[in-house]
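Residue-level structure breakdown
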Amino acid sequence: MKIFKNFSEYSSQKPLALSLGMFDGVHLGHKSIIDELIKVGTNNNLETAILTFWPHPRFVFNPNEDLKLLNTLEEKKYLMEKYGIDNLFLKEFDEEFRNLTGEEFVRQILVDKLHIKYLIIGYDHSFGKNKSGNFELLQKLSKELDFKVEQMEAINIHENNISSTKVRNALLEGNIKEANEMLGYSYSVSGTVTHGKKIGRTIGYPTANIETDSIKLLPKKGAYIVETFVNNKQYKGMLSIGTNPTVNGDKLTVEVYILNFDEDIYDQKITVKFRDYLHEEIKFESLEKLIERLDEDKRLTENFSF
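These notes cover the structure that comes with them.

**With respect to the pairing of strand β3 (residues 47–53)**
- Of all 7 residues that make up β3, 7 are buried, and the element is covered over most of its length.
- Side-chain alternation along β3 places Glu-47, Ala-49, Leu-51 and Phe-53 on one buried face and Thr-48, Ile-50 and Thr-52 on a second face that is also buried.
- Relative to β3, strand β2 (residues 16–20) is paired through 5 bridges, and the arrangement is parallel. Along β3, the bridge assignment pairs Ala-17 with Thr-48.
- Note that the unit made of β2, helix α1 (residues 28–44) and β3 has a crossover that is right-handed.
- Where β3 meets strand β4 (residues 87–91), 5 bridges bridge the pair, whose relative direction is parallel. Along β4, the bridge assignment pairs Phe-53 with Lys-91.

**Here we look at the packing of aromatic side chains**
- A complete count under the given rule lists 15 aromatic pairs for this structure.
- For the pair Tyr-10 and Phe-89, a centre-to-centre distance of 5.2 Å together with 75° between the ring planes defines the contact as edge-to-face. A residue pair is termed long-range when its members are at least 10 positions apart, and Tyr-10 in the loop between β1 (2–4) and β2 and Phe-89 in strand β4 qualify at 79 residues. Across the pair, exposure class does not vary: Tyr-10 and Phe-89 are buried alike.
- In this structure an aromatic cluster arises from ring pairing among Phe-53, Phe-93, Phe-97, Phe-105 and Phe-127.
- One cation-aromatic arrangement involves Lys-31 over Tyr-83; the distance from NZ or CZ to the ring centre is 5.1 Å.
- Its guanidinium or amino end placed over the ring of Phe-306, Lys-236 lies 5.4 Å from that ring's centre, counting from NZ or CZ.

**Looking at the side chain of Lys-76**
- You can see Lys-76 is positioned in helix α3 (residues 73–82).
- No salt bridge is formed by the buried Lys-76, whose closest oppositely charged neighbour, Asp-24, lies at an N-O distance of 5.3 Å.
- Excluding residues within four positions of it along the chain, Lys-76 makes contact with Met-22, Phe-23, Asp-24, Val-26, Thr-52, Trp-54 and Asn-71.

**Examining the pairing of β4**
- Of all 5 residues in β4, 5 are buried; the element is thus mostly enclosed.
- Residues of β4 alternate between two faces, with Asn-87, Phe-89 and Lys-91 on one and Leu-88 and Leu-90 on the opposite face, all of them buried.
- Strand direction decides the pairing type here: β1 and β4, joined by 3 bridges, are parallel. The residue of β4 that forms the bridge with Lys-2 is Asn-87.

**Things to note about the pattern of salt bridges**
- This structure, assessed with the given rule, holds 15 salt bridges.
- Two residues, Glu-74 and Lys-77, come together in a salt bridge whose shortest N-O distance is 3.4 Å. On the criterion of helical spacing, the pair formed by Glu-74 and Lys-77 is a turn pair, its members being 3 residues apart in helix α3.
- Glu-74 gets classed as exposed once you look at its relative accessible area, which sits at 52%.

Each value, and the rule that gives it
- Residues numbered from 1 in each chain as written.
- Predicted model: local features only at pLDDT ≥ 70, side-chain atom pairs only at ≥ 80, totals over all residues.
- Heavy atoms only, no water.
- Buried < 20%, exposed > 50% of the residue type's maximum accessible area, 1.4 Å probe, protein only.
- Helix = DSSP H or I, 4+ residues; strand = E, 2+ residues; numbered from the N terminus.
- Pairing = 2+ DSSP bridges.
- Right-handed = clockwise from strand over helix to strand, strands pointing away.
- Phe/Tyr/Trp six-rings, centres within 6.5 Å; stacked < 30°, edge-to-face > 60°.
- Lys NZ or Arg CZ within 6 Å of the ring centre and 35° of its normal.
- Lys, Arg positive; Asp, Glu negative; His and termini not counted.
- Salt bridge = Lys/Arg side-chain N within 4 Å of Asp/Glu carboxyl O.
- Contact = heavy atoms within 4.5 Å.

Here it is as structure tokens:
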């Protein structure tokens, strides 16, 4: 997959089948668009492309908003390549770009610079200044500018349309299985292992503290069953998101106890994939009660089928 940050860098012998949007999470709704792009590209001898924005436009419109994303940039690149996209355009949502009307965007960017021949958009997608670009505008311009346009229908799970917002909300409510079902894969968090207070090792549950990306959405505070990947090896794990209230902690941490593991992994990058929610964050009346709960969580994790 080729990655472009400037349209001027792009050149190709083949015209493009393209879709545009944030694609945060690259969930099953997004994958349906990608699959259709690849089908259209194969049938019409076109290269496939996604035009997305980085950073998220909401960081531009609402700089004080504490927006968290489902994907880091590296995760988004990985998923796009995994699903078979040929070209990924990462456009900075700058002042000049945000002032383009929908029609200007189609004419100046999609047609003049990218030479699209086929455009696929999501069921609710709008673009351009004041959201002036929509499917009706595209249908009109496609005839004049010689490209085809297709609008995808929504993908439903349990009679609900899938969206990045719904995935985000499910994670914030601890509904891991629901979120994973919409994503089509297990939600993951990666980060570097850092030194913590090392209280876990004194009670038989040494944990790895994970320093995560500040823009990455963390699920609801609580305990989770996770798959942990260290040095390309997979382990079962129990992960905690919270402030460790039993020992009067005040800083939010992400800590994982890796089953059947005893290696020094400080400063290494590890990844955890969320598989199930165990329970909310609890302030125990004693370390003994905490250990009892950890023992039970460990039993549930050991018996969980990955």
